[in-house]
Amino acid sequence: MDEPEPWWTGAVVYQVYPRSFADGNGDGIGDLAGLRRRLDHIADLGVDVVWLSPVYRSPQADNGYDISDYEDIDPLFGTLDEFDALLVEVHRHGMKLVMDLVVNHSSDQHPWFQAAKLSRTCPKHDWYIWRDPVDGHEPNEWRAAFGGPAWSWDPGTGQYYLHMFTPQQPDLNWDNADMRDAVYTMMNHWLDRGVDGFRMDVINHIAKDPAALADGSAAYVMQPRIHDHLQEMHERVFAGRDALLTVGEMPGVTVEDAVLFTDPERHELDMVFQFEHVGLDHGPTSKFDNEPFDLVALKASLARWQTGLADTGWNSLYLANHDQPRPVSRFGAAAVAAAHGFRADPFDLRYESATLLATVLHLHRGTPYLYQGDEIGMVNAGFTAIDEYRDVESLNWFRGAVGRGMPVDDALQALAVRSRDNARTPMPWDDATPAGGFSDVEPWIGMGQGWPRVTVASDRAAGDRSVYEHHRRLIALRHDSRTVRVGDFTLLEADHAALWAFTRSLEDAAEPGLVVVANLSSSRMTLPDAVAERLGRCVLGNLGVPAPDDARSLQPWEARVHEDLG
Ligand code: TEU
Ligand code: CA
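Residues numbered from 1 in each chain as written. Chains lettered and ligands numbered in written order. Predicted model: local features only at pLDDT ≥ 70, side-chain atom pairs only at ≥ 80, totals over all residues. Heavy atoms only, no water.

Peer 1: A description of the site of ligand 1 should follow, citing residues and the corresponding values.
Peer 2: The local shell around ligand 1 holds 18 residues, among which Asp62, Asp201, Asp323, Glu393 and Arg420 are the closest. Considered on its own, ligand 1 offers 490 Å² of accessible surface; in the complex 90% of this is hidden by protein. The class makeup of the residues in the shell around ligand 1 is six nonpolar, three polar and nine charged. (Near = heavy atom within 4 Å. Areas by Shrake-Rupley, 256 points an atom, 1.4 Å probe, with all protein chains shown as cover. Nonpolar A, V, L, I, M, F, W, Y, C, P; charged D, E, K, R; others polar.)

Peer 1: Please set out the coordination of the calcium ion (ligand 2) residue by residue, giving values where relevant.
Peer 2: The calcium ion (ligand 2) binds to the protein through Asp23 (OD), Asn25 (OD1), Asp27 (OD), Ile29 (O) and Asp31 (OD), with metal-donor distances spanning 2.2 to 2.3 Å. Along the chain, the residues that donate to the calcium ion (ligand 2) are spaced as D-x1-N-x1-D-x1-I-x1-D. In this structure Asp31 comes out as buried when scored by relative accessible area, which is 4%. (Donors = N, O, S within 2.8 Å, 3.2 Å for Na, K, Ca; no water. Buried < 20%, exposed > 50% of the residue type's maximum accessible area, 1.4 Å probe, protein only.)

Peer 1: A description of the packing of helix 5 (residues 177-193) against helix 7 (residues 225-238) should follow, citing residues and the corresponding values.
Peer 2: It is the contact of helix 5 with helix 7, at a shortest axis distance of 10 Å, that shows an interaxial angle of 40 degrees. When the axis of helix 5 is compared with that of helix 7, the two are oblique. In this structure, helix 5 crosses over helix 7, and the sense of that crossing is right-handed. Counting all contacts with helix 5, which are made through Arg180, Asp181, Tyr184, Met187, Asn188 and Leu191, the residues of helix 7 involved are Arg225, His229, Glu232, Met233, Arg236, Val237 and Phe238. Of the residues contributing to the contact of helix 5 with helix 7, the split by class is six nonpolar, two polar and five charged. (Axes fitted to C-alpha atoms, helices over the stretch in contact; angles between N-to-C directions. Helix = DSSP H or I, 4+ residues; strand = E, 2+ residues; numbered from the N terminus. Parallel < 35°, antiparallel > 145°, perpendicular 65-115°, else oblique. Left-handed = near helix turned anticlockwise from the far one by under 90°. Contact = heavy atoms within 4.5 Å.)

Peer 1: Could you give an account of the pairing of strand 14 (residues 488-492), with specific residues and numbers?
Peer 2: In the sheet, strand 14 pairs with strand 15 (residues 499-505) via five bridges, with the strands oriented antiparallel. Pairing of Leu491 across the sheet is with Phe502, part of strand 15. Hairpin remark: strand 14 followed by strand 15, antiparallel, with six residues in the connecting loop; positive phi at Glu493, about 50 degrees. (Pairing = 2+ DSSP bridges.)

Peer 1: Account for the pattern of salt bridges, with residues named and values stated.
Peer 2: Taken as a whole, this structure holds 35 salt bridges when the rule is applied. Put simply, Arg482 and Glu5 hold a salt bridge, and the shortest N to O gap is 2.7 Å. Of this pair, Arg482 sits in helix 17 (residues 482-486) while Glu5 sits in the segment before strand 1 (13-16), and the two are 477 residues apart along the sequence. A residue is classified by how much of its surface remains accessible, and Arg482, at 25% relative accessible area, is partly exposed. A salt bridge links Glu469 to Arg472; its shortest N-O distance comes to 3.4 Å. Taken together, the residues Glu469 and Arg472, both in helix 16 (residues 467-480) and three residues apart, mark about one turn of the helix. With relative accessibility at 33%, the residue Arg472 sits in the partly exposed group. (Salt bridge = Lys/Arg side-chain N within 4 Å of Asp/Glu carboxyl O.)

Peer 1: Please set out the sheet that holds strand 7 (residues 151-154) residue by residue, giving values where relevant.
Peer 2: Reading across the sheet, the three strands line up as 6-8-7 and stay open at both edges, with antiparallel pairing between neighbours. Because the sheet does not close on itself, it has two edges, and the strands there are strand 6 (130-131) and strand 7. The pairing of strand 7 with strand 8 (residues 159-162) spans four bridges and is antiparallel. Residue Ser152 lies in a different strand from strand 8, and its bridge partner there is Tyr161.

Peer 1: An account of the packing of aromatic side chains is requested, with residue identities and associated values reported.
Peer 2: Here the structure, examined in full by the defined rule, presents 25 aromatic pairs. Measuring from ring centre to ring centre gives 6.5 Å for Tyr56 and Tyr70, while their planes differ by 65 degrees; the resulting arrangement is edge-to-face. Here Tyr70 lies in strand 4 (residues 69-73) and Tyr56 lies in strand 3 (residues 56-57), a separation of 14 residues in the sequence. For the pair shown, Tyr56 and Tyr70 are each scored as buried. Considering the side-chain rings of Phe383 and Tyr389, the 5.3 Å spacing of their centres and the 85 degrees angle between planes classify their relative orientation as edge-to-face. An aromatic cluster is present here, built from Tyr56, Tyr70, Phe83, Trp112, Trp127 and Trp190 joined pairwise through their rings. Sitting over the face of the ring of Trp444, Arg19 holds its NZ or CZ atom 4.6 Å from the ring centroid. Its end group placed over the ring of Trp127, Lys124 keeps NZ or CZ at 4.8 Å from the ring centre. (Phe/Tyr/Trp six-rings, centres within 6.5 Å; stacked < 30°, edge-to-face > 60°. Lys NZ or Arg CZ within 6 Å of the ring centre and 35° of its normal.)

Below, the structure written as C-alpha cells:
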C-alpha cells in the first residue's frame, strides 16, 4: 500500500448487545443509561469503536432486529436524548459509535408495511416483496431462517409477502427507488446526528433475483444488483464523510465476493463479516447438528481469507457475536475435550483458552471485533430447560425438532451447544447482588452457569490471570505495531493438530516480523524445530514471558508472540 492505511486497519471494535449489558432503570433489561454508566469498562480496554446492536423502536420479535421506526429509540432502551447523551460520552472517551442497520427487512409493525398492506395498488405496496398464490399455496419453497415458509399470507391483499426471517420481519424491496431513498435519508440523519458508521445486517440479502423468486431456486443472496445498491448507498450516504466505518454482515459470502465488496476503488464497504469459520462445526442438516471442533480446518479457513484479501480489500476478524456461542466453550479446552469424547468441565483452563483465542485472533490481519463478555472469558449459558431460553430461533427450532420426534434431552443438548442465547446472558459485573450488578431485579434471561464464578470484578482483580488485562495488551500491541496492523500473514505447520502458528511481516522490514505460537491442547508441547528456531524476543504471552531455555516448548493452552528471527 502506498497511501497511508485507513484508520480502521488499526482499530478494534467492541460489540454491545444492549439488552444484556447493563440495566439503568431497574426493569431487568439492559438500556442506554446502563451502558452510559458502564462506558469506562469499554474505554479502559483501549478499543476504538463501539458497535451497538439495534436500539431502534421495535416490537422485539427478534430482539430489535425487527424495526418499526428507524428514527427513534425504543422506550425499552431509552430516548433520543439519552442516545445523544451516550454519543457525547462515547466521543468524549475517544471512541466512535457504529449503529446496526437492519434494512433487509423491517418490522411488520413499521408504518411502511402497514401502508403496504392496505392494497395492491397503494404506492408503499411495492416497498415489500409480494407474490400471488400459485395453485393456492406459496409461490415457491423458500424456507425462513428461523423455521417455516419464507412466505406469509396477507388476507387483505390476497397475496403472500416474503420474509427471510420471522413473519414479523417482512423483506424490503430494494428494486423500489423510493424505498431506497427513504433508507438513505434515514442513514444520513443518523450520521448527521454524529454516528460514525454502520454494521449492516444481512446486507448481502437485499438484492433478490425476480426470476429466482418465481422459480423457487434459493438464489436470494449475492445477486449482481447487490453491488449497484451498495455503490449507490455509498454515493448517497458515505461519500464526502470522513472516518466512518462500514461493515456488512454477509452469511454465505465467498472470498472472491469479499474482494469486490471491500476493494476501496469500488466504493462499497470497508469490510464484511464472513461466516465460513463459524460454519465449520455445523452439521449437514442445520447449525444445531454439531460437528466437533477441528483446529486444522479452522486454521485453514482463516488463512484462506488472509491470503484472499491480502492484496485487495480488508478482513474483519471475529470469533463471536450475539448470534454465536462463546469462544471459550466452542474453541477452548472444553471444546477440544469434547471433540475427543471426554465430558468437559466448562471452566477447565478457561483463562488460558480465552486469552489464547484472543491472541490468535488479534494477531491476524484485519479489524478485530470483540463481543461483550468475551473480554472476561464468559462461557456458554449452560441452560438445561427450555423455559430458560428466550431466542426466537432456539424456541422455534426446539418445537420443530421435538415435533419431528427428536428426544427432548437431545434437543436441549443441541441448544446448549448452539443457541444464540449462549451469548445473550447478562454481563456479570460482580457477585455482590443477585443479578450480578447487571440489574436490581430479575434479568430478562438467566445469568447462566458462569455466574457468580466469572465476573468483571473478579477478572479485573485477577492480576496476571485477568482475561481483560490480556485484551488490553493485545489492543495496545495493535496500536503500536505496524506489523500487526498490515503485515503479511503466513500460516506455519498447517497440518499440526494442536499448534496454531503463523508469521506476520512487513516487506520494508522497518519493524521486526512476528511469530505467533499457540498450543491448543492440554499437554505440554515441544515446538517443531522449524518454528522454534525462529523465536526471537517474546513480545507478549498469556502465561507471561518464558525464560529463554523454555521458549522451545508451550504449556497447555499457552500462546505467545515473538519477534521473528526468520
Ligand atoms: O443475523 C443473520 C444471520 O444469518 C445469522 O447470523 C443468524 O442469526 C444465524 O444464521 C441464525 O442461525 C442477523 C442478526 O445478527 C441476527 O441477530 C438477526 O436475527 C438476523 O440478522 C435477522 O435480522
Ligand atoms: Ca432497563
